[in-house]
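Letter by letter, the chains look like this.
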Amino acid sequence: MTPDRWTLLAMTSHPTSSQDGGDPDLTAVMAERRHLRNLAYRLLGSLVEAEDVVQETYVRWYAMSEEQRAAVRSPGAWLTTVAGRICLDLLGSARSRREHYVGEWVPEPLPTRTMWAEDGATPVDPADQITLDESVHMAFLVLLDTMTPAERVAFVLHDVFRYPFPEIAVIVGRSPAATRQLASSARRRIAGSPPPVTSTTQHTAVVRRFKEAWEARDIDALVGLLDPQAVAVGDGGGQVSAEERPVHGAARIAEFLVGRATALAGVTMAESLVNGQPGLVARSGEAIVAVMAFEVVDGRIARMWSVLNPDKLVAWAEADA
């Protein structure tokens, strides 16, 4: 992405704190809730952990005395600093946790909550929503996961949320110059494997044809929709059956998918937005059993991620209730 596009993302991702009168604990402080959730999700790739970070951040804020809180010149900056440090610690521990994770780890898929506040359903609190843009697309989150914790924090805070390096340096515990280098290193990783730019119309059409071919058990059609070097990744977390290693190649993926479709009779697929892009949701009866995200390049599926770990489908199940 160009810097200008990142600037546009930052404008939608970082709402300005309320400056009007009233109790600052209920205005400027609570107005940061959505921003903190947006930040934490991009840093961690987990909605559950992002919500935990936001809760812990506010616990620490209200653990201070009224005098201590009143002395904070910018509550938003304080909250972001604390949330960033918590995320940095979690990213460091996540590396050791994933060494024991069963199979492949995929970021937690993000549902589109605005799709559910319809037909008289309970309105969704805007503060509970994650801003949808290119920085939450599954391919981008997977790329972020290749960075070191410090690189990821520096890059997301600066390039996505437009924080200055001196402020980020306080969070990562480095000098501003070293923090700038972290962000530069992260950009080099992205430059080496940039997320694809595909129109929503084309992406939707490819996913729809994939769904139809999967339902028809049509191996040839699936092969035609997959890039010859395509990669399919499944995340069952050791709780449900899933391939523990990625499946490579169009033919192998097509055969695997048809085999799974035959074994999972009764499972249906429905189109849905996943992390802001067209994807698929698999159901067994009323239960959501998998969410699939796709990377489409030149009209073919280059990568697909199937999340079957029920712990990562909690938000989907709750929204579907």
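Structural notes, computed from the coordinates. What you are looking at is a predicted structure, and each value in this text was computed from that prediction instead of being measured. Starting from 1, residues in each chain are numbered consecutively following that chain's sequence as written. Per-residue local features are limited, in this predicted model, to residues with pLDDT of at least 70; the limit for side-chain atom pairs, both in listing and counting, is 80 or more; totals at the level of whole chains, interfaces and linings are taken over all residues. Note: side-chain values were computed over all heavy atoms of the structure, leaving out hydrogens and water.

**Some thoughts on the overall build of the chain**
- Counting its secondary structure elements, the chain contains 13 helices and six strands.
- Three exposure classes are used, based on accessible area relative to the maximum for each residue type with a 1.4 Å probe and protein chains only: buried under 20%, partly exposed in between, and exposed over 50%. Expressed as a percentage of the 321 residues in the chain, the buried residues total 47%.
- Contacts are residue-level and defined by heavy atoms, with any inter-residue pair within 4.5 Å sufficient. The long-range share in the chain, meaning contacts at least 24 apart out of those at least 6 apart in sequence, stands at 66%.
- Counting every atom, the chain has about 15300 Å² of accessible surface; 52% of that belongs to carbon and sulfur. Labels follow the DSSP assignment, with helices taken as runs of H or I lasting at least four residues and strands as runs of E lasting at least two, numbered in each case from the N terminus. Computed with the Shrake-Rupley method and a 1.4 Å probe, the accessible areas treat only the protein chains shown as cover for residues.

**Some words on the nonpolar core**
- Membership of the largest hydrophobic core comes to 48 residues, with the highest contact counts inside it found for Y41, V153, F155 and V156.
- For this core, the secondary-structure elements that each account for two or more residues are α2 (33–44), α3 (47–63), α5 (75–98), α6 (138–144), α7 (149–160), α8 (165–172) and α9 (176–192).
- Ignoring any residue separated from it by four or fewer positions in sequence, one finds Y41 in contact with S46, L47, A50, E108, P109, L110, I130, V136, L141 and N275.
- Here, nonpolar core means buried Ala, Val, Leu, Ile, Met, Phe, Trp, Tyr and Cys residues that are tied together by side-chain atoms lying within 4.5 Å of each other. Grouped together as the second largest cluster of nonpolar side chains are 28 residues, W214, I253, L257 and V296 included.

**A word on helix α10 (residues 200–215)**
- Multiplying 1.5 Å by the residue count of a helix minus one yields the expected span of that helix. Taking 1.5 Å of rise per residue, the 16 residues of α10 would be expected to cover 22 Å, and the 22 Å separating its terminal C-alpha atoms lies within 8% of that figure.
- Buried residues along α10 sit against α11 (219–225), α12 (250–263), β3 (267–274), β4 (277–284), β5 (287–297) and β6 (300–307).
- Remark: R217 follows α10 within two positions and exhibits a positive phi of approximately 55°.

**Remarks on the sheet that holds β3**
- For two strands to be treated as a pair, DSSP must find no fewer than two bridges joining them. With respect to topology, six strands assemble into an open sheet ordered β2-β1-β6-β5-β4-β3, the strand pairing being mixed. This sheet does not close on itself; its edge strands, each paired only once, are β2 (247–248) and β3.
- Structural elements are reduced to axes, namely lines fitted to C-alpha atoms, with helices fitted over the stretch in contact, and the angle between N-to-C directions of any two is expressed from 0 to 180 degrees. Sitting on the sheet, α10 is in contact with β3, β4, β5 and β6, with an inclination near 25° to β4.
- Set on the sheet, α12 makes contact with β1 (226–235), β2 and β6; between it and β1 the angle comes to about 45°.

**A look at empty space enclosed by the protein**
- Using only the protein atoms, space was sampled on a 1 Å grid; points where a 1.4 Å probe fits but cannot get out form cavities, open sets with protein on both sides within 12 Å along at least five of seven lines form pockets, and lining residues are those with an atom within 4 Å of a point. Grid points are joined across faces, edges and corners, and a volume is the space filled by probe spheres set on the points. Applying the stated criterion to the full structure yields one cavity of 30 Å³ or more.
- Its boundaries defined by the atoms lining it, the largest cavity holds a volume of some 30 Å³.
- Lining the largest cavity are H137, M138, H203, V274, N275, Q277, P278, A293 and F294.
- Among the secondary structure elements, those contributing two or more residues to the lining of the largest cavity are β4 and β5.
- Gly is placed with the polar residues, together with every amino acid not listed as nonpolar (Ala, Val, Leu, Ile, Met, Phe, Trp, Tyr, Cys and Pro) or charged (Asp, Glu, Lys and Arg). Here the residues of the lining of the largest cavity sort into five nonpolar, four polar and no charged.

**Quick word on the packing of aromatic side chains**
- Pairing of aromatic side chains requires ring centres within 6.5 Å, counting the rings of Phe and Tyr and the six-membered ring of Trp. Pairs whose planes differ by under 30 degrees are stacked, by over 60 edge-to-face, and all others tilted. According to the stated counting rule, one finds three aromatic pairs in the structure shown.
- Any Lys NZ or Arg CZ that is within 6 Å of a ring centre and within 35 degrees of that ring's normal is treated as a charge sitting over the ring. Directly above the aromatic system of W214 lies the positively charged group of R217, at a separation of 5.5 Å from the ring centroid.

**Points about unusual backbone geometry**
- With phi around 65°, R162 is a residue other than glycine that occupies positive phi space.
- Inspection of the secondary structure assignment puts R162 in the loop between α7 and α8.

**Structural notes on the environment of E212**
- Mapped onto the elements, E212 comes out in helix α10.
- Separated by 10 residues in sequence, E212 and L222 have C-alpha atoms that sit 9.2 Å apart.

**Regarding the side chain of T57**
- One can find T57 in helix α3.
- A relative accessible area of 0% means that T57 is categorised as buried.
- Reaching out from T57, the side chain makes a polar contact with the backbone oxygen of V53 at a distance of 2.7 Å.
- Excluding anything up to four places from it in sequence, T57 contacts L36, W78, L79, V82, A83 and I86. Think of a polar contact as two N or O atoms within 3.5 Å of one another; within protein, one of them needs to be a possible hydrogen donor and the other a possible acceptor, and neighboring residues in sequence only count if both atoms come from side chains.

**Structural notes on the pairing of β1**
- Of all 10 residues making up β1, seven are buried, and the element is well covered by its neighbours.
- Across six bridges, β1 lies against β6 in parallel orientation. The partner of V233 across the bridge, within β6, is W305.
- Summarising the sheet, β1 and β2 pair through two bridges and their orientation is antiparallel. Considered in β2, the bridge of V231 is made with H248.

**Remarks on the packing of α5 against α7**
- As a packed pair, α5 and α7 sit with axes 9 Å apart at the nearest point and diverge in direction by 145°. When you trace α5 past α7, the crossing you get is right-handed. Together, T80, L88, L91, G92 and R95 of α5 and P149, A150, R152, V153 and L157 of α7 make up the contact between the two elements.
- Residue classes in the contact of α5 with α7 are distributed as six nonpolar, two polar and two charged. Here is the rule for handedness: rotate from the far helix to the near one, and if that takes an anticlockwise turn smaller than a right angle the crossing is left-handed, while a clockwise turn gives right-handed.

**Quick notes on the environment of W78**
- Summarising the element assignment, W78 is placed in helix α5.
- Using a relative accessible area of 23% as the deciding quantity, one classes W78 as partly exposed.
- Distance from W78 to T57, taken between C-alpha atoms, is 9.5 Å for residues 21 residues apart in sequence.
- Other than its neighbours up to four places away in sequence, W78 contacts T57, R60, W61, M64 and V72.

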